[in-house]
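Take a look at the letters that make up each chain.
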Amino acid sequence: MRDQISRSAVLLAALCAACASVDVDPSVDQERARDLIRDATGQTEVFDPRATPLSREELEAALVDGLALDEALRLALLNSRRLHAGFLGLGVARADFVQAGLLRNPSLGVGFLIPSGGGRPKLSADLVQSLVDLWELPAREKVALGALEQSIFELSRFAGELVVDTKDAYFESIAARELLGVARENVELARASFEAVQGRVYGGVATTIEENLAQSQALSAELSLRSAERDDLGARRRLAALLSFDGELIDVALTDALPEPDPRELDREALVALSCSARLDLRAAGAAFDAAEAQLALEIRRTKPAIDAGLSLERPERGAAIDLLAGPGATIELPLFDRNEAQVRRAEFRRDQLAKEYEALVGEVGRDVRASVERAMCAARIVGFVTDELLPQAERGAALARTAFELGSTTTTTLLESQRAALQARRTRIEALLEVARARVDVERSAGALLPAVPARD
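As the structure is a prediction and not an experimental result, all values here were calculated from the model.

Calculation rules
Residues numbered from 1 in each chain as written. Predicted model: local features only at pLDDT ≥ 70, side-chain atom pairs only at ≥ 80, totals over all residues. Heavy atoms only, no water. Helix = DSSP H or I, 4+ residues; strand = E, 2+ residues; numbered from the N terminus. Rg over C-alpha atoms; globule rule 2.2 N^0.38 Å. Buried < 20%, exposed > 50% of the residue type's maximum accessible area, 1.4 Å probe, protein only. Contact = heavy atoms within 4.5 Å. Pairing = 2+ DSSP bridges. Axes fitted to C-alpha atoms, helices over the stretch in contact; angles between N-to-C directions. pLDDT = per-residue confidence, 0-100. Phe/Tyr/Trp six-rings, centres within 6.5 Å; stacked < 30°, edge-to-face > 60°. Parallel < 35°, antiparallel > 145°, perpendicular 65-115°, else oblique. Nonpolar A, V, L, I, M, F, W, Y, C, P; charged D, E, K, R; others polar. Expected span 1.5 Å × (residues − 1).

Participant: What exactly am I supposed to notice about the overall build of the protein chain here?
Facilitator: If you tally the helices and strands in the protein chain, you get 11 helices and 6 strands. Radius of gyration (C-alpha) of the protein chain: 36 Å, far over the 23 Å computed for a compact globule of 458 residues. Considered along the principal axes of its C-alpha atoms, the protein chain spans approximately 135 × 45 × 40 Å. Going through the 458 residues of the protein chain one by one, you find that 38% of them count as buried. By sequence separation, contacts in the protein chain at least 24 residues apart represent 80% of the contacts at least 6 residues apart.

In structure tokens form, the structure reads like this:
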């Protein structure tokens with residue numbers, strides 16, 4: 001009997017030692033997230049937690065010859081610190097999933113009782129294991145799996161947002177630099193006009209009022225230039241922040257231009273249908289709902305009384321008829337006060353809450369897609385009008401006014417107004433092109449898909 005108990009104890013100890021080692025490796029989850037990010041962004045290079053991060057020297061070397069849009073997107077996905085943190089978060093979710101599949105540790109109780117009249121102490125030992133894990137493990141694993149799935153989709157969605165934000169910041173930086181160029185040209189033009197008016201005043205051809213007006217135009221141009229410099233600096237710093245680049249991008253040339261509008265119209269309803277499968281936040285919300293359903297099933301199982309089973313050993317006092325007592329034992333919870341009903345109801349409410357939130361998100365996605373498509377098409381029409389009508393007319397008017405002013409057949413006010421109108425038309429076209437680019441980025445954001453994959457009507 002004693003030999004059998006000894007062998008059982010050794011076997012149990014060996015079993016516990018074997019189960020103590022677990023594998024918490026998130027590489028499979030991280031690779032899955034990288035695949036989702038590639039599909040959503042069209043970029044082949046995505047941060048790999050197992051690879052060496054980009055050094056500052058590598059970043060600076062990539063910017064020596066200027067920064068193209070594709071290179072900016074690549075650097076964002078490779079160097080974003082928040083994206084790095086998200087990949088590490090998958091390790092947390094994987095550890096929670098592994099933990100959910102483990103049995104709770106058995107408990108060992110030891111008693112050492114000394115007889116009041118002296119003699120050999122009485123020893124007792126109880127090894128107890130909870131049996132509730134046997135029916136809770138599948139539900140616990142489903143809950144943790146849902147949370148893990150949600151983490152993967154949320155990380156992939158963040159990467160997609162990072163890409164569209166980088167596109168937006170890149171286009172904003174291009175437009176800010178072009179507007180800065182127009183503002184500098186405006187300053188030079190205003191100064192030249194002011195000097196010309198001063199010469200006409202000295203010659204008795206122009207009045208002091210015209211001189212003051214020209215000076216005011218020159219000062220306004222100076223103010224606009226300073227505002228344009230501020231906007232250019234802010235746009236470059238926003239782009240640097242998205243790339244997690246600690247240096248300045250002020251002197252880095254952006255080699256791509258603002259895109260011209262696509263003459264084709266986007267198929268709005270087809271795009272809404274595409275977004276339902278492409279939006280990763282919808283898939284994350286679906287995973288959260290699945291986890292909530294699994295949590296409800298777990299709480300329902302916990303309404304059953306907890307049962308602990310184990311093995312009891314006891315060595316009687318000296319002089320007893322037997323040397324050792326051994327046998328199975330069990331304890332059962334008495335659900336007199338807490339039957340887990342509150343947690344069951346809580347899980348039901350949580351499941352129903354997430355179902356409604358999912359429905360709301362589906363409706364919001366559809367509205368966002370329709371609004372972004374309308375914005376993109378409206379912006380394209382504005383660019384067409386400015387390019388074909390407004391800008392040519394303003395430039396013709398400025399050229400005629402300049403010729404007439406040189407011949408002395410028009411006033412300074414007319415010249416300044418025509419020049420201002422031409423520069424304003426150029427600014428309007430740059431701003432309209434930026435609006436087109438940002439609207440197309442917004443379509444990608446709301447649809448969760450790349451614009452080349454978006455259906456369009458010829």
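Read on for the rest.
Participant: Would you explain the sheet that holds strand β4 (residues 307–315) in this entry?
Facilitator: Sheets are built from strands that pair by backbone hydrogen bonding, the pairs being arranged parallel or antiparallel. Read from one edge to the other, the open sheet built from 4 strands follows the order β1-β2-β4-β5, with strand pairing classed as antiparallel. Here the strands that pair on one side only, and so sit at the sheet edges, are β1 (107–113) and β5 (325–332). Pairs of neighbouring strands in the sheet enclose a mean axial angle of 20°, with direction left out of account. Inspection of the sheet shows β1 paired to strand β2 (residues 122–130) by 7 bridges, in the antiparallel sense. In the sheet register, L113 faces β2, and the bridge partner there is K122.

Participant: Help me out: how do you make sense of unusual backbone geometry in this one?
Facilitator: Peptide bonds are trans in most cases, and residues, glycine excluded, mostly fall at negative phi. The phi dihedral of S244 is positive, around 55°, even though this residue is not glycine. With respect to the secondary-structure elements, S244 resides in the loop between α7 (208–242) and β3 (265–266). Of note in the backbone geometry, N340 takes a positive phi value of approximately 65° without being a glycine. By the element assignment, N340 lies in the loop between β5 and α10 (341–407). Classification of N340 as buried rests on a relative accessible area of 11%.

Participant: Sorry, what's going on with the confidence of the model for the protein chain here?
Facilitator: Put simply, the protein chain has an average pLDDT of 85, and 92% of its residues get 70 or more. Within the model, the stretch residues 7–12 combines pLDDT values under 50 with 1 contact to residues more than four positions away or in other chains. Counting interchain partners and residues more than four positions distant, the pLDDT-below-50 stretch residues 453–458 has 17 contacts.

Participant: What should I look at first to understand the packing of aromatic side chains in this one?
Facilitator: The description of two aromatic rings rests on the distance between their centres and on the angle between their planes. In the structure shown here, the tally under the stated rule is 2 aromatic pairs. Where F47 meets F87, the ring centres are 5.6 Å apart and the plane angle is 65°; that geometry is what we call edge-to-face. Within this pair, whereas F47 is found in the loop between α2 (27–41) and α3 (56–62), its partner F87 is found in helix α5 (residues 81–100), the two being separated by 40 residues in sequence. Of the residues examined, F47 reaches a relative accessible area of 8% and is grouped as buried.

Participant: In this structure, what is going on with the packing of helix α6 (residues 133–202) against helix α11 (residues 412–447)? I would like to understand it.
Facilitator: The packing of two helices is summarised by the inter-axis angle and the distance between the axes. Where α6 meets α11, the closest approach of the two axes is 9 Å, and the angle between their N-to-C directions is 175°. The angle between α6 and α11 places the two elements in the roughly antiparallel class. Residue composition of the contact of α6 with α11, by class: 13 nonpolar, 4 polar and 15 charged.

Participant: Looking at this structure, how should I read α2?
Facilitator: Three or four residues apart is the spacing at which side chains of an α-helix point the same way, because the helix has 3.6 residues per turn. The end-to-end C-alpha distance of α2 is 21 Å, a good match for the 21 Å that 15 residues give at a rise of 1.5 Å each. Within the span of α2, buried status applies to S27, D29, Q30, A33, R34, L36, I37 and T41. At its buried positions, α2 is contacted by α4 (69–79), α5, α6 and α9 (280–301). Note on α2: the residue one or two positions beyond its end, G42, has a positive phi of about 75°.

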